[in-house]
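Structure at a glance
Single-letter residue listing:
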Amino acid sequence: MAHTLVIVESPTKARTIRGFLPKDFKVEASMGHVRDLPNNASEIPAAHKGEKWANLGVNTANNFEPLYVVPKDKKKVVKELKDALKGADQLLLATDEDREGESISWHLLQLLAPKVPVKRMVFHEITKEAIGRALEQTRELDMQLVHAQETRRILDRLVGYTLSPLLWKKVAWGLSAGRVQSVAVRLLVQRERARRAFRSGSYWDLKARLEQAGAGFEAKLTHLKGERIAGGADFDESTGALKAGSKVKLLSEAEARTLQAAVQGAPWRVAEVEEKPTVRKPVPPFTTSTLQQEANRKLRLSARETMRTAQGLYERGFITYMRTDSVHLSDQAITAARSCVAEKYGQDYLSPGPRQFSTKARNAQEAHEAIRPAGERFRTPNETGLKEKDLALYELIWKRTVASQMADARLTMLAVELQVDGGSLGPASFRASGKRIDFAGFFRAYVEGSDDPDAALEGQEVLLPSLKAGDSPACQAVEALGHQTQPPARYSEAALVKMLEKEGIGRPSTYASIIGTIVDRGYATLANNALTPSFTAFAVTALLEEHFPDLVDTSFTARMENTLDEISHGKVSWLPYLESFYRGEQGLETQVQQREGDIDPTASRTIELEGLPCVVRIGRFGAYLETKRVADDGSEELLKATLPQEITPADLDAEKAELILKQKAEGPESLGEDPETGDLVYLLFGQYGPYVQRGQVSDDNPKPKRASLPKGVKPEDLSLEDALGLLRLPRHLGEHPDGGKVEAGLGRFGPYVVHHKGKGEKDYRSLKAEDDVLMVGLSRALELLAMPKKGRGGRTALKDLGTPEGDGEAIQLFDGPYGLYVKQGKVNASLPEGATADTITLEQAVELLAAKAASGKGKGRKPAAGKATASKTAGTTAKKAAAKTTGTRAAADKPAAKKAPATTKTGRLRASAVRVIKPAGS
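Presented here is an overview of the structure given in this document. What you see is a predicted model, and the numbers here were worked out from it, not measured in a lab.

Topic: helix α16 (residues 535-547)
With 13 residues, α16 extends 19 Å from end C-alpha to end C-alpha; this agrees with the ideal 18 Å at 1.5 Å per step. Within α16, 10 of the 13 residues are buried, which leaves it mostly tucked inside the rest of the structure. Of the residues making up α16, those classed as buried are Phe-535, Thr-536, Ala-537, Phe-538, Ala-539, Val-540, Thr-541, Leu-543, Leu-544 and His-547.

And the structure:
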């Protein structure tokens, strides 16, 4: 029986759409891209093996013709699509509506070569009405969009595959460069340089607690003898002194104390009261960028998590398409939002007329509408049946969309100037500020940066008692406060996304993968929602700044982005642009060839930081310190010492460097003796930070017990008692009511409690942030063990498959949006076709996880030295798989290469990883 074949990207999207189509429609998923440029030599077709350009994947001598191949893991998908097409009388390509979706449709068309009519079907949301409209309004493939996407793909490959090998030779093997990635890394490095150059300034001021008619309020010192008191903004960040020409009074501690005593007992007088009405308008609905920023600020979701969650919500029909720069709302959406306002908040909270917003983004995407709840009627969050992250993100989108159609908030800004005699220091002026919300308006639904609008309303309102000029409020207390200016804050994901969008760099839809790549490649670490660049990032950025300044210049990259957008609109021809960028005297190819010989690898691996008694170099195993010293025999020798990963470029000062070098030269420092064994306990520094060790390495004791120092614990503050507590883990807590002992310990994934059930079966739970592994008791352990295990997205495990021999982490089975998968720690692997929850074994799971980790796709951490991270079988499998798959499916702008050593964070004592590691320089 003939049918219409509809092809979308994902199984979830296929399932949702299937319910809105006639019975004679068949929906299949392409599982994303079906073709791409080759990622390693094994993917290059035999006919092109001998070509010089084959590894690049682009024939630069023949009109930049791309070499597209079907990856091994997509061959089966392509065959199934071809089989599905055999009985079809029409093909509808229903991939996403943006450039990438248009490109996927084009690739499908090239591969499938259909003999039946083909139409492009696009929609902004997956609802019955939207799918019905899309069926009636099919169109031809937009080749301008395809050319724009293909040019972008080729351009990224030219940059990545030309510069990355240069970085391998000159800095470190396995590094990558990217058109947008390298600019983003430079932004992080520039901020870290500013933090390093920062010099803190100190200043004092006063805060008074006053009372009028029984109501208390606070006032801060602003002027002394008519001269403004210095604040943080008046200091030069590079000197720590007041900015040149500043006409302010820098209050010393002695003056602050004197003034405090003088004003405490003096009469206070209200000199002036000011009330200023103001209006706040709601912010526009979400775009891709603003959604990533706000989800990071409010929900603490990474850009990757936000986009992954939003993708799922879109594919299941809850929200509109989530890759868009448009803040426009359709008439249907405005009507739905205004209905929500009227029903939930009342007519008074509706804006007088429909609000429409205009897009201001420098590089707009093709999607025609903002991110909003799907449908002609917006489901309230409680009506969706969603949970956890899905619910939180949907609620955020719902609130912001609804708020956009609400009335303005009306506020009154309050300011009170007070005068008081400061004795010998002269008259002092204080200021009390307040805010009164006269009409909450859209604040009732949404306050930017706050999770709870009701709490935000209370927090935003700062009320002052009724005051008028001439009043004499009573002084209850005066406090002298000392302050230190703070260095520029590191970029959070939200701040980096905002900066990239502001500068017009890249596309918001790619920001999640860009930030993920930066972290995955070791250019930055993400901790406490801050991105901290590594020493490697410093070295690579310095090399690119010196030899290829255009490629890391924000304005140059923004101009490239504009050109790519003009290609999508047919204003610029793609082939001449690629020719000018890559070929010719000023082209990238020529620049790399000319400058490669001028770049000294030693200099490129060296980072000279001001004020250090040594240099920092990038080595095979990470950053290390190097200096020359005079040996006992009078000769000069090089002294090298591994830099702990927790030390950042901004934090490395002369004191830390000298401490690390001294320990390397003179040997470890003893904290004292372990009374149980008689061995000395040493404090050492390693690649993963400071750690403690019982005894010295010797023939009799080749692997002495070691444990990392928790992050936040200063080496100089560590006591012998704390060190012994870490070294004596795991702790026996008692017996489980069901039999078997319960212990608390530290593994590669952090502190945990474990129930030994017998016959080798163990049940693990991670400790929470408030738990201390050295103090947790049996009752708390039993409480944790009674909780169901959670997987990614907060999912509960279907079953425990067990713990591989020699490992401390169990393997669990979960059911996710793409089917069953196994998980150990941070590594996930999908079950092969035919495997079920009943048939999968521990041994099979070990092999699946080992292969996934070896391919570089998993999120596995580098194992702790001296500890097995999987069974012997898994280890062997991983090595074999690694030999075959090194570089496979790497980032699009990076040629296949040996993966750089993984980096991990050493966490706090309470609920973070304490690792067993090698000593410095070993």
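So, the sheet that holds strand β5 (residues 88-93)
The strand order across the open sheet formed by 4 strands is β2-β1-β5-β6, and the pairing between neighbours is parallel. If you trace the sheet from one side to the other, it starts and ends with β2 (25-29) and β6 (118-120), each paired once. Taking the axes of each pair of neighbouring strands and ignoring which way they run, one obtains an average angle of 25° across the sheet. The sheet contact formed by strand β1 (residues 3-8) and β2 spans 5 bridges and is parallel. Its bridge partner lying in β2, Ile-7 is registered against Glu-28. Running at roughly 170° to β6, helix α3 (residues 99-112) makes contact with β1, β5 and β6 of the sheet.

Thoughts on the packing of aromatic side chains
Working definition: an aromatic ring pair is given by the centre-to-centre distance plus the angle between the planes. Applying the stated criterion across every chain, the model contains 12 aromatic pairs. Their ring planes at 65° and their centres at 5.2 Å tell us that Tyr-314 and Tyr-321 sit as a pair that is edge-to-face. Of the residues examined, Tyr-314 reaches a relative accessible area of 0% and is grouped as buried. With relative accessibility at 0%, the residue Tyr-321 sits in the buried group. Arranged with centres 6.2 Å apart and planes meeting at 75°, the rings of Phe-318 and Tyr-394 form a pair that is edge-to-face. Placement of Phe-318 in the loop between α9 (303-315) and α10 (331-344) and of Tyr-394 in helix α12 (residues 388-403) is noted, with a sequence separation of 76 residues between them.

Section: a negative patch on the surface
Together, Glu-655, Glu-658, Glu-716 and Asp-717 make up a negatively charged patch on the protein surface. When you line up the elements, Glu-658 lands in helix α21 (residues 654-666).

Some remarks on the nonpolar core
Of all hydrophobic cores here, the largest spans 139 residues; its most connected members are Ile-319, Val-616 and Leu-652. Ranked by residues supplied to this core, first place goes to helix α5 (residues 143-170) with 10 residues. Excluding residues within four positions of it along the chain, Leu-652 makes contact with Arg-196, Phe-535, Leu-609, Leu-612, Val-616, Leu-625, Leu-643, Ile-647 and Ala-657. Ranked by size, the runner-up nonpolar core spans 28 residues in total, among them Phe-217, Ala-219, Ala-266 and Leu-425.

Focus: the environment of Val-822
Relative to the helices and strands, Val-822 resides in strand β30 (residues 819-824). A C-alpha to C-alpha distance of 9.9 Å links Val-822 and Ala-837, two positions 15 residues apart in sequence. Excluding residues within four positions of it along the chain, Val-822 makes contact with Leu-801, Ile-811, Gln-812, Leu-813, Val-827, Asn-828, Ala-829, Leu-831, Ala-845 and Leu-849.

Side note on helix α19 (residues 588-596)
Looking only at α19, the buried set comprises Leu-588, Thr-590, Gln-591 and Val-592. The inward-facing, buried residues of α19 abut α5, α16 and α18 (574-582).

Digging into the side chain of Glu-125
Here Glu-125 is to be found in the loop between β6 and α4 (128-136). A polar side-chain atom of Glu-125 sits 3.3 Å from a polar atom in the side chain of Arg-372. Excluding residues within four positions of it along the chain, Glu-125 makes contact with Ala-130, Ile-131, Arg-133, Tyr-314, Thr-320, Gln-332, Arg-372, Ala-374 and Gly-375.

So, how was this worked out
- Residues numbered from 1 in each chain as written.
- Predicted model: local features only at pLDDT ≥ 70, side-chain atom pairs only at ≥ 80, totals over all residues.
- Heavy atoms only, no water.
- Helix = DSSP H or I, 4+ residues; strand = E, 2+ residues; numbered from the N terminus.
- Expected span 1.5 Å × (residues − 1).
- Buried < 20%, exposed > 50% of the residue type's maximum accessible area, 1.4 Å probe, protein only.
- Pairing = 2+ DSSP bridges.
- Axes fitted to C-alpha atoms, helices over the stretch in contact; angles between N-to-C directions.
- Contact = heavy atoms within 4.5 Å.
- Phe/Tyr/Trp six-rings, centres within 6.5 Å; stacked < 30°, edge-to-face > 60°.
- Patch = residues over 30% accessible without salt bridge, like charges linked within 9 Å, V, L, I, M, F, W, Y side chains within 5 Å.
- Areas by Shrake-Rupley, 256 points an atom, 1.4 Å probe, with all protein chains shown as cover.
- Salt bridge = Lys/Arg side-chain N within 4 Å of Asp/Glu carboxyl O.
- Lys, Arg positive; Asp, Glu negative; His and termini not counted.
- Charge placed at Lys NZ, Arg CZ, Asp CG, Glu CD.
- Core = buried A, V, L, I, M, F, W, Y, C linked by side-chain atoms within 4.5 Å.
- Polar contact = N/O pair within 3.5 Å; in protein donor to acceptor, adjacent residues only side chain to side chain.

Any link to function would need more than the numbers given here.
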